[in-house]
Amino acid sequence: MKRRHNQPGDEMIETIPSFGLGTFRVDAAKTTNAVKSALEIGYRHIDTAQFYNNETAVGQGVRDSGVPREDIWVTTKVWWDRLSHDALVASLKDSHAKLGIGTIDLALVHWPSPDGAVPITETLAAMQEAQKLGLIRHYGVSNFTAPLLEEAVDAPGGKVIVTNQFEVSPFLANRKLVEATQRLGVKVTAYMPLGEGCAHTDPTLQAIAAKHGATPAQVTFAWLLSRDIVVLSASTNAEHQRSNWNAQKLKLDADDIAQIDALDEGKRNANPPFAPKW
Ligand SMILES: NC(=O)c1ccc[n+]([C@@H]2O[C@H](COP(=O)([O-])OP(=O)(O)OC[C@H]3O[C@@H](n4cnc5c(N)ncnc54)[C@H](OP(=O)(O)O)[C@@H]3O)[C@@H](O)[C@H]2O)c1
């Protein structure tokens, strides 16, 4: 099938779709099929990163799916060691070539520059340059604390930051950062929503799931969506992908939500040595 590429004049999605497929720790050899099957199920948002070493395979999945390019939102992320102007632009030229899907919908700063070594003003100026070059349509950030996000939003080019992507799960509700991000008019995107698998075996989530004839994973995703949070879930298994996708139909009641809110124990999984001071 002849595919249309993202070209000037194409009507692209303008808002980040609320349910996306993640590809962290997904082997490049499995990524193309995972992306293709997700797009066949109905997913229209795929999340990758330079660090995941699977951008080429993500692009292949997008092209193989037969879904029109302009209906799909693809996010990549720029690793923290290339946030200076020229390094960032060069890295997005590389991502653009690897993905091979025309202009990338969204590029995120994957982690803030450790100790502010590269000023956010320089990084945002580089993102704007990448936009001018047609490499990306939108930009945003990931793993930014509230003070770092405030600084970014106040910097030139900061008002159009689309999202702050960070860890949110029933066990790390991250309420202060969610509220600060939303107050700044920036969309929250949640990663590691299942708390590294803990959601499947949690008795509270299991009981709520049983009540609704759902799975604990679906309950978790429905809880995030009820908080106006974009969900990223990763799976190479088409049945899991389909089940996860169907979480969008699940409506939780106030009692369910209160019970899930009470699971918050501040349990963070993603905290590498270069992480900011949360
Ligand atoms: N910005 C950042 O720093 C950052 C950090 C981490 C993640 N992320 C992004 O967020 C995405 C989501 O995070 P994640 O990949 O850690 O989290 P996740 O979706 O919480 O977990 C993925 C794991 O859960 C399993 N799984 C998914 N659905 C399932 C189901 N219905 N039943 C049983 N098992 C299921 C998958 O296995 P199967 O393949 O067997 O289904 C996979 O092993 C990432 O892929 C990545 O794109 C971003």
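The rules we used
- Residues numbered from 1 in each chain as written.
- Predicted model: local features only at pLDDT ≥ 70, side-chain atom pairs only at ≥ 80, totals over all residues.
- Heavy atoms only, no water.
- Near = heavy atom within 4 Å.
- Polar contact = N/O pair within 3.5 Å; in protein donor to acceptor, adjacent residues only side chain to side chain.
- Areas by Shrake-Rupley, 256 points an atom, 1.4 Å probe, with all protein chains shown as cover.
- Helix = DSSP H or I, 4+ residues; strand = E, 2+ residues; numbered from the N terminus.
- Buried < 20%, exposed > 50% of the residue type's maximum accessible area, 1.4 Å probe, protein only.
- Pairing = 2+ DSSP bridges.
- Axes fitted to C-alpha atoms, helices over the stretch in contact; angles between N-to-C directions.
- Contact = heavy atoms within 4.5 Å.
- Parallel < 35°, antiparallel > 145°, perpendicular 65-115°, else oblique.
- Left-handed = near helix turned anticlockwise from the far one by under 90°.
- Nonpolar A, V, L, I, M, F, W, Y, C, P; charged D, E, K, R; others polar.
- UniProt positions renumbered as here; feature names shortened; annotations may be inferred.
- Expected span 1.5 Å × (residues − 1).
- Arc of directions from axis to C-beta.

(A) How the structure looks around the site of the ligand. Taken together, 25 residues sit near the ligand, with D47, S142, A234, S235 and H240 positioned nearest. In the model, an oxygen atom of the ligand is placed 2.8 Å from a nitrogen or oxygen of the A234 main chain. For the ligand, the accessible surface in isolation is 900 Å², of which the surrounding protein chains cover 81%. Elements represented by at least two residues in the shell around the ligand include exactly β8 (229-234) and α10 (238-245).

(B) Highlighting the pairing of β8. The buried count for β8 comes to five of six residues, which makes it a mostly enclosed element. Note that strand β1 (residues 19-22) and β8 share four bridges and pair parallel. Residue pairing for β8: G22 is matched across the bridge by A234. Summarising the sheet, strand β7 (residues 187-191) and β8 pair through three bridges and their orientation is parallel.

(C) Examining the sheet that holds β7 more closely. Read around the closed barrel, eight strands run β1-β2-β3-β4-β5-β6-β7-β8, paired in parallel fashion. Adjacent strand axes in the sheet meet at a mean angle of 30 degrees, parallel and antiparallel pairs treated alike. Both strand β3 (residues 73-78) and strand β4 (residues 104-109) contribute to a ladder of four bridges, which runs parallel. The residue bridging T76 from the neighbouring strand is A107, located in β4. Across the sheet, helix α6 (residues 175-183) is in contact with β6 (163-167), β7 and β8; its angle to β6 comes to roughly 175 degrees.

(D) Representation of the packing of helix α8 (residues 203-212) against helix α11 (residues 254-261) within the structure. Between α8 and α11, whose axes approach to 10 Å, the crossing angle comes to 165 degrees. Judged by the inter-axis angle, α8 sits roughly antiparallel to α11. Of the two elements, α8 crosses α11, and the hand of that crossing is left-handed. Of the residues in α11, those touching α8 at T204, L205, I208, K211 and H212 are D256, Q259 and I260. The residue makeup of the contact of α8 with α11, split by class, is three nonpolar, three polar and two charged.

(E) Up close: the environment of T204. Locating T204 in the fold gives a position in helix α8. By relative accessible area, T204 is classed as partly exposed at 23%. Among all residues touching T204, those that are not within four sequence positions of it are Q259 and L263.

(F) View of the UniProt feature "active site" (unreviewed entry) in the chain. In this numbering, the UniProt entry assigns the feature "active site" (unreviewed entry) to Y52. Following the sequence through the fold, Y52 ends up in the loop between β2 (45-47) and α2 (55-65). If we ignore the near neighbours within four places in the chain, the residues touching Y52 are T23, F24, D47, K77 and H110.

(G) Summary view of helix α4 (residues 120-132). With 13 residues, α4 extends 18 Å from end C-alpha to end C-alpha; this agrees with the ideal 18 Å at 1.5 Å per step. Among the residues of α4, I120, T123, L124, A126, M127 and A130 are the ones counted as buried. What you see down the axis of α4 is that its buried residues fit within an arc of 155 degrees, all on one side. Buried residues belonging to α4 abut β3, α3 (85-99), β4, β5 (136-142) and α5 (146-154). Among the residues trailing α4, G134 stands out with phi positive, at a value near 80 degrees.

(H) Representation of α6 in the model. Considered for burial, the residues of α6 that qualify are L177, V178, A180 and T181. With its buried residues spanning 170 degrees around the axis, α6 presents them on a single face. What points out from α6, more than 90 degrees from its buried face, is the exposed set K176 and R183. Turning to α6, the residues buried within the fold contact α5, β6, β7 and β8.

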